[in-house]
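Geometric and topological summary
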Amino acid sequence: MHEFPVTEQIIKIAAEQAEKNNALKVTQINLVVGESSGFIGESIQMYFDIISEGTICKGAILKMENVKTKWKCPACDILYSRQPLSFACPNCGMDGLPTEIGREFYVQSIEIET
Amino acid sequence: MADKEIDVIQNIYDENDKIALETKDNMGKRGVFVVNVMGAPGAGKTSSIISLIKGLADEKVYVIEGDIESDIDTVKLKELGIETIQINTNGACHLDAPTIKKSLTDLSLDKPGILFIENIGNLVCPAEFQIGEHIKMLICSAAEGSDKPYKYPLAFEKADIILLTKGDLKSFVDFDDEFFLKGIRALNKTVPVFEVNAKIGQGFEAAVAWISTRKNSAIK
């Protein structure tokens, strides 16, 4: 259920750009999906196949670039992946800070036929 | 026929966030402060809202109840004379900005005051979607365990105020206060955490005062 409105939005963004560029069809949509964005690629694909029916995006390939979540240590200034039940920096043990890396959820580009 | 790649770089949340911002502005202009109430099922969201409303006796209060199904909470609030409307998402796991914008037309909003929007009981996606709120309030019960900031970090990071309910169950569930607060502070340096007992309405004074102060600074 969660991915349904989001997939509609992806199709809307791609279709708007395709029309602006006088496309005949959209062949590929390139998405960037962070690990902590809360969205699951397979689920988006499932809804995409249904919702894109009858739109300029029908049959397009959905390509997803996944981004691993990173935390930042304020002392060591390094980025790292956290361990379960801990936010500690692997280098010094201090709790790191959340970053925006891994929360990406955007349409990077579309590929079209004109 | 030619193949071409077009750069887009457009956030998929953009439209939701745009509508959320419009709602926040419109409500602010009416003098209505909007609180997005998040928390797991059974955390004590409705009971906490009721206790807060009792403390906010001088304010006109509105409530939007979000649930997957049923109107049990709405009935409870209406019986207390609180202007409440129900949204049933029929399966969707969070409220979003277009849904709230549409439902606002069912409220009178005839006086300035506070609107509590009780989100779907879920610690995951409600934190990802803005709905038009001035602040996010996270209701967390001791019964859920002290590891929740580590398991659902975004909800704790995004919260502007946290209420910890069911403190009397701490010893039964081995709740570790230090571990809980350490996790919250790693994610959110400033969020106030108020321990309350929603069942008997105890400990809400400080939370009520905090909400009033935030309202007064957000709404001129």
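Rules of the game
- Residues numbered from 1 in each chain as written.
- Chains lettered and ligands numbered in written order.
- Predicted model: local features only at pLDDT ≥ 70, side-chain atom pairs only at ≥ 80, totals over all residues.
- Helix = DSSP H or I, 4+ residues; strand = E, 2+ residues; numbered from the N terminus.
- Rg over C-alpha atoms; globule rule 2.2 N^0.38 Å.
- Buried ≥ 20, exposed ≤ 12 C-beta atoms within 10 Å, placed from the backbone.
- Contact = placed C-beta atoms within 7 Å.
- Pairing = 2+ DSSP bridges.
- Axes fitted to C-alpha atoms, helices over the stretch in contact; angles between N-to-C directions.
- Right-handed = clockwise from strand over helix to strand, strands pointing away.
- Core = buried A, V, L, I, M, F, W, Y, C linked by C-beta atoms within 7 Å.
- pLDDT = per-residue confidence, 0-100.

Secondary structure assignment for chain B yields eight helices and eight strands. What you see for chain B is a C-alpha radius of gyration of 18 Å, in line with the 17 Å of a compact globule of 220 residues. Dimensions of chain B, computed from C-alpha atoms along their principal axes, come out at roughly 70 × 40 × 35 Å. When the 220 residues of chain B are sorted by exposure, 45% land in the buried category. Restricting the contact set of chain B to residue pairs at least 6 apart, pairs at least 24 apart contribute 76%.

Our next topic: the sheet that holds strand β8 (residues 193-195) of chain B. Residues and elements named next belong to chain B. The sheet built from seven strands is open, its strands ordered β4-β3-β5-β2-β6-β7-β8 with parallel pairing. Of all strands in the sheet, those with a lone pairing partner are β4 (83-88) and β8, marking the two edges. Across this sheet, the average inter-strand angle for adjacent strands is 20°, counted without regard to direction. Its contacts with the sheet place helix α8 (residues 205-218) against β2 (32-39), β5 (113-118), β6 (135-141), β7 (161-165) and β8, and it is angled at close to 165° to β7.

Moving on: the pairing of β4 of chain B. All names here are of chain B. Alignment of strand β3 (residues 60-67) against β4, held across six bridges, turns out to be parallel. Looking at the pairing, Tyr62 lines up with Glu83 of β4. Of the crossover connections in this fold, the one passing from β3 over helix α3 (residues 72-79) to the parallel β4 is right-handed.

Let us now look at the nonpolar core. Judged by nonpolar contacts, the single largest core of 59 residues is most densely connected at Val35, Val37, Leu115, Phe116, Ile117, Leu138 and Ala155 of chain B. Per-element accounting of this core gives the leading share, six residues, to β2 of chain B. Among all residues touching Val35 of chain B, those that are not within four sequence positions of it are Ile114, Leu115, Phe116, Ile117, Glu133, Ile135 and Met137 of chain B. If you look at the next biggest cluster of nonpolar residues, it comprises 21 residues, including Ile11, Ile29, Phe48 and Ile110 of chain A.

Moving on, we get to the confidence of the model for chain A. Residues of chain A with pLDDT of at least 70 account for 99%, and the chain-wide mean is 94. Averaged pLDDT values over the elements of chain A bottom out at 90 in helix α2 (residues 41-51) of chain A and peak at 98 in strand β4 (residues 79-80) of chain A.

The subject of this paragraph is the environment of Gln45 of chain A. By secondary structure assignment, the location of Gln45 of chain A is in helix α2. Given 14 C-beta atoms within 10 Å, Gln45 of chain A falls into the partly exposed group.

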